[in-house]
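Here is how the chains run, residue by residue.
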Amino acid sequence: MTVTSPRTAAARRRRYPVTREIDEQTRVGEVYMGSLLRTQFRLAMFVCTVLGCVVGGLPLLFLLLPHLRDLHLLGIPLPWAVLAGLIYPAFVIGAWLYVRQAERNERHFADLVERP
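Just so you know, these numbers come straight off a predicted model, no measurement behind them. Each chain carries its own residue numbering, running from 1 in the direction its sequence is written. Side-chain atom pairs in this predicted model are given and counted only at pLDDT of 80 or more, local residue features only at pLDDT of at least 70, and totals for whole chains, interfaces and linings cover all residues. Excluding hydrogens and water, the side-chain values take into account all heavy atoms of the structure.

Student: Just to check I follow, could you spell out the overall build of the protein chain for this structure?
Tutor: Only DSSP runs of H or I with at least four residues qualify as helices, and only runs of E with at least two residues qualify as strands; both kinds are numbered from the N terminus onward. Regarding its fold elements, the protein chain presents three helices and two strands. In the protein chain, the succession of α and β elements from N to C terminus is α-α-β-β-α. Relative to its 116 residues, the protein chain shows a buried fraction of 20%. Considering only contacts within the protein chain whose residues lie at least 6 apart along the sequence, 60% involve residues at least 24 apart. Of the roughly 9,700 Å² that the protein chain leaves accessible, carbon and sulfur atoms contribute 65%. Accessible area is worked out with a 1.4 Å probe on protein chains only. A residue is then buried under 20% of its type maximum, exposed over 50%, and partly exposed in between. Here a residue-residue contact requires only that any non-hydrogen atoms of the pair lie within 4.5 Å. To be clear on the numbers: accessible area is Shrake-Rupley with a 1.4 Å probe, and residue cover counts the displayed protein chains and nothing else.

Student: What should I look at first to understand helix H2 (residues 27-64) in this one?
Tutor: Side chains three or four residues apart in an α-helix point the same way, a direct result of the helix having 3.6 residues per turn. Given a rise of 1.5 Å per residue, 38 residues ought to cover 56 Å, and the 53 Å separating the end C-alpha atoms of H2 matches this to within 8%. At any given residue, the bend is defined as the angle formed between two axes, one fitted to the seven residues that end at that position and one fitted to the seven that begin there. Remark: the principal bend of H2, roughly 30°, maps to Gly 57, with a proline, Pro 59, within the next four residues. What H2 keeps buried is the set Gly 29, Gly 34, Leu 36, Gln 40, Leu 43, Val 47, Leu 51, Leu 58 and Phe 62. The span expected for a helix works out to 1.5 Å for each residue beyond the first.

Student: So what exactly am I meant to see when it comes to the side chain of Asn 105 here?
Tutor: Looking at where Asn 105 falls in the secondary structure, it is placed in helix H3 (residues 78-114). Setting aside chain neighbours within four positions, we find Asn 105 in contact with Leu 36, Thr 39, Gln 40 and Leu 43.

Student: How do you make sense of the packing of aromatic side chains when you look at a structure like this?
Tutor: Both the distance between ring centres and the angle between the ring planes are used here to describe each pair of aromatic rings. Put simply, two rings from Phe, Tyr or Trp (the six-membered ring, in Trp's case) pair if the centres are within 6.5 Å, and we call them stacked under 30 degrees between planes, edge-to-face over 60, tilted for the rest. Under the defined criterion, the tally for this structure stands at one aromatic pair. Judged by centre distance (6.5 Å) and plane angle (65°), the rings of Tyr 88 and Phe 91 are edge-to-face. One end of the pair, Tyr 88, and the other, Phe 91, are both in helix H3, three residues apart, so they sit about a helical turn from each other. The exposure class assigned to Phe 91 is partly exposed, which follows from its relative accessible area of 34%.

Student: What should I look at first to understand the nonpolar core in this one?
Tutor: Across soluble globular proteins, you tend to see nonpolar side chains buried next to one another. Throughout this description, the term nonpolar core refers to a set of buried Ala, Val, Leu, Ile, Met, Phe, Trp, Tyr and Cys residues connected via side-chain atoms within 4.5 Å. One finds Leu 58, Phe 62, Leu 68, Leu 78, Val 82 and Ile 87 forming the largest nonpolar core, which totals six residues. Those elements that place two or more of their residues in this core are H2 and H3. The dominant element in this core, judged by the number of residues it contributes, is H3, at three residues. Ignoring anything within four residues of it in the chain, the contact list for Leu 58 reads Val 82, Leu 83 and Ile 87.

Student: How should a nonpolar patch on the surface be read in this particular structure?
Tutor: For patch detection, residues must exceed 30% relative accessible area and be free of salt bridges, and they are connected within 9 Å for like charges or within 5 Å for nonpolar side chains (Val, Leu, Ile, Met, Phe, Trp, Tyr). Within this document, salt bridges are pairs made up of a side-chain nitrogen of Lys or Arg and a carboxyl oxygen of Asp or Glu, the two lying within 4 Å of each other. Together, Phe 46, Val 50, Val 54, Val 55, Tyr 88 and Phe 91 make up a nonpolar patch on the protein surface, roughly 550 Å² of accessible area in all. Within the residue set of the nonpolar patch, elements represented by two or more residues are H2 and H3. Per-element tally for the nonpolar patch: the top contributor is H2, with four residues. With a relative accessible area of 53%, Tyr 88 lands in the exposed category.

Here it is, written out as structure tokens:
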């Protein structure tokens, strides 16, 4: 025995696009935006933690290995050479990597939102 519904051609409820949910600040839109914000915040905290450990670890390194303080690189004391010559490029590379990953997160979010 087969049971069929007489309303097989009934109109289906049209689903809101996610972009409309975000624009209207509905609960679903808040969940999507919260997800993006958490992802970007985790990325920012990771980059800041790595750079903070590198910069904060240098004084500890020179404290634990005092003979490094007496070394010279091209006539410049090693601690100054590291601070002047390596830290700033590390900041630039960290910023570049952060921007690349943040843009990748935003592209992924846009693809997720635009999915039918």
